[in-house]
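Chain and residue survey
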Amino acid sequence: MTMINSDPSRMNLSFSGCGFLCLYHAGVAAAIKEYAPELMQKGTISGASAGAIVAAGLVTDVCISQATSTMLRIVREARSSSLGVISPNFDLMGLVKEEIRRYLPPDAYIRCSARLKISVTRWSDKKNVILEDFANNDELVDGITCSCFIPGVCGVILPTFRGVRYVDGGFSDNLPLFDDHTVTVSPFSGESDICPLDYESAGFFDMTYNNTSMRFTTMNFFRLIAILMPPSLEDCTKMCLQGFSDTVRFLTRNNMTTCIKCLTIQTNMGDAVPNPPPSQASMVSSSSDTSRPFSPPTRSRTRSANYNGQGTRKRFDSECDTCGDSDHMHNADLVFPSIIQRTFDEASKAEATF
């Protein structure tokens, strides 16, 4: 879990494995590229399974709209198969490898070496291994493929990286955490830095699966099902928008951008609202025009004991420094990138004629 006052230049990113919930990660990536590109230009970006694909895309600066279009096409083809992902005529890993090779730039392995960390599980002893050095793009694709491979679902012949057999990184470490400045991203409501809040179905209990925190909520139950059962286009759209909204909320809390309300005003008026320095104690105005000093409350959030022994840290639930409003009370679709929205619109038309 990230310290709330971490310098953005020291922040690392970590994306959890999540199967077809990867559209959530696409929304997160879109928000980061739009409002906090410094997070993808410095530091380490890691991931397991589908999270490794998104992590590689951020490191190599792949076009998010094109990547989202590819994800939607794979989801559509999986839904059209009689038995979904386990259908004999549906080659999930073949599609994934083909699309990764198509979108990665020629020097992807150079950019990813040392910056990208892929979580995989060694088949021989079921131990977690982090892949971070790649001699060429083929090795990079092999590493990502290993991290995504679920035996039985993706096939029976295990993939290899430099002659060693590996399977899905989620079996051993689904959300790699390297230091106190790692920003964890998960589509499951829990204790990750960027994740859904599930206000309408919040639960009092949670669990941790290989470093991924999950609360016992109704929505998390449906998300677990969607890992291997491709969701509808409508649900994919909601997931992507949710990831975008949750990321803007995180960036707002860390004074890296203004809230959705302010971003909407900036978009509509074309007049940027300055973002005050994090260290500056500002006077903010509430919706009733009553001035009050900015003094964000704190709360403790505790990881389970098996979460790498990180223990308890303090973090803030702050409001927007610019307008003083609560950042979760406004619709993110008002500032959702139009190019991503067009991708979903085109996918909807394609599905209607599929």
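Residues numbered from 1 in each chain as written. Predicted model: local features only at pLDDT ≥ 70, side-chain atom pairs only at ≥ 80, totals over all residues. Heavy atoms only, no water.

With respect to empty space enclosed by the protein
- A complete count under the given rule lists two cavities of 30 Å³ or more for this structure.
- Its boundaries defined by the atoms lining it, the largest cavity holds a volume of some 620 Å³.
- Lining the largest cavity are 35 residues, and of these Cys22, Ala50, Ile53, Met71 and Val96 sit closest to its centre.
- Among the secondary structure elements, those contributing two or more residues to the lining of the largest cavity are helix H1 (22-35), helix H3 (50-59), helix H4 (64-80), helix H5 (92-103) and helix H7 (137-148).
- Taken together, Leu72, Val75, Arg76, Arg79, Pro231, Ser232, Leu233, Cys236, Ala347 and Glu351 make up the lining of the second largest cavity.
- Within the lining of the second largest cavity, the residues separate by chemical class into six nonpolar, one polar and three charged. (1 Å grid on protein atoms, 1.4 Å probe; cavity = no way out; pocket = protein on both sides within 12 Å on 5 of 7 lines; lining within 4 Å. Points joined across faces, edges and corners; volume = space filled by probe spheres on them. Helix = DSSP H or I, 4+ residues; strand = E, 2+ residues; numbered from the N terminus. Nonpolar A, V, L, I, M, F, W, Y, C, P; charged D, E, K, R; others polar.)

Brief notes about the UniProt feature "active site" (unreviewed entry) in the protein
- Per the UniProt annotation, the sites labelled "active site" (unreviewed entry) are Ser49 and Asp168. Spatial clustering of the annotated residues is evident: they stretch over 120 residues in sequence, but the largest pairwise C-alpha distance comes to 5.8 Å. Of the residues annotated just before, the largest cavity has Ser49 and Asp168 among its lining.
- Within the fold, Ser49 resides in the loop between strand S2 (45-48) and H3.
- Positionally, Asp168 belongs in strand S6 (residues 164-168).
- Asp168 sits in the buried class, given a relative accessible area of 5%.
- When neighbours within four sequence positions are excluded, Asp168 is seen to be in contact with Ser49, Thr121, Cys146, Ser147, Cys148, Phe149 and Ile150. (UniProt positions renumbered as here; feature names shortened; annotations may be inferred. Buried < 20%, exposed > 50% of the residue type's maximum accessible area, 1.4 Å probe, protein only. Contact = heavy atoms within 4.5 Å.)

Remarks on the pairing of S2
- Side chains of S2 alternate between two faces, with Ile45 and Gly47 and Ser46 and Ala48 buried alike.
- Across three bridges, the pairing between strand S1 (residues 12-15) and S2 is parallel. Residue pairing in the sheet places Phe15 in a bridge with Gly47 of S2.
- Note: S2 against strand S3 (residues 116-122), four bridges, orientation parallel. (Pairing = 2+ DSSP bridges.)

Brief notes about a nonpolar patch on the surface
- Taken together, the side chains of Phe171, Phe204, Phe205, Met207, Tyr209 and Phe216 define a hydrophobic patch exposed on the protein surface, amounting to about 740 Å² of accessible area.
- Along the polypeptide, Phe205 turns up in the loop between strand S7 (182-185) and strand S8 (206-209).
- The exposure class assigned to Phe205 is exposed, which follows from its relative accessible area of 60%. (Patch = residues over 30% accessible without salt bridge, like charges linked within 9 Å, V, L, I, M, F, W, Y side chains within 5 Å. Areas by Shrake-Rupley, 256 points an atom, 1.4 Å probe, with all protein chains shown as cover. Salt bridge = Lys/Arg side-chain N within 4 Å of Asp/Glu carboxyl O.)

Quick word on H3
- Along H3, nine of the ten residues are buried, which leaves the element largely enclosed by surrounding structure.
- For H3, the set of buried residues is Ala50, Gly51, Ala52, Val54, Ala55, Ala56, Gly57, Leu58 and Val59.
- Directly after H3, the chain includes Asp61, whose backbone phi takes a positive value near 60 degrees.

A word on the nonpolar core
- Counting residues in hydrophobic clusters, the biggest one holds 82 residues, and the most contacted among them are Phe15, Leu23, Leu116, Ile118, Leu140 and Phe344.
- It is H1 that provides the largest number of residues to this core, a total of ten residues. (Core = buried A, V, L, I, M, F, W, Y, C linked by side-chain atoms within 4.5 Å.)

Points about the packing of aromatic side chains
- Tallied over the entire structure, the rule returns four aromatic pairs.
- Taking the centre distance of 6.2 Å and the plane angle of 80 degrees together, the rings of Phe134 and Phe161 count as edge-to-face. Of this pair, Phe134 sits in the loop between strand S4 (128-131) and H7 while Phe161 is found in strand S5 (residues 160-161), placing the two residues 27 residues apart along the sequence.
- Note on Phe244 and Phe336: the rings are 5.4 Å apart at their centroids and 90 degrees apart in plane angle, and the pair reads as edge-to-face. With Phe244 in helix H9 (residues 233-253) and Phe336 in the loop between strand S13 (312-316) and helix H11 (338-352), this residue pair connects regions lying 92 residues apart in the sequence. Exposure class is identical for Phe244 and Phe336. Each is buried.
- One aromatic cluster is present, built from ring pairs that chain together Tyr35, Phe244 and Phe336.
- Between the NZ or CZ atom of Lys117 and the centre of the ring of Phe178, over which it lies, the distance is 5.6 Å.
- If you follow Lys126 out to its NZ or CZ, it ends over the ring of Trp123, 4.4 Å from the centre. (Phe/Tyr/Trp six-rings, centres within 6.5 Å; stacked < 30°, edge-to-face > 60°. Lys NZ or Arg CZ within 6 Å of the ring centre and 35° of its normal.)

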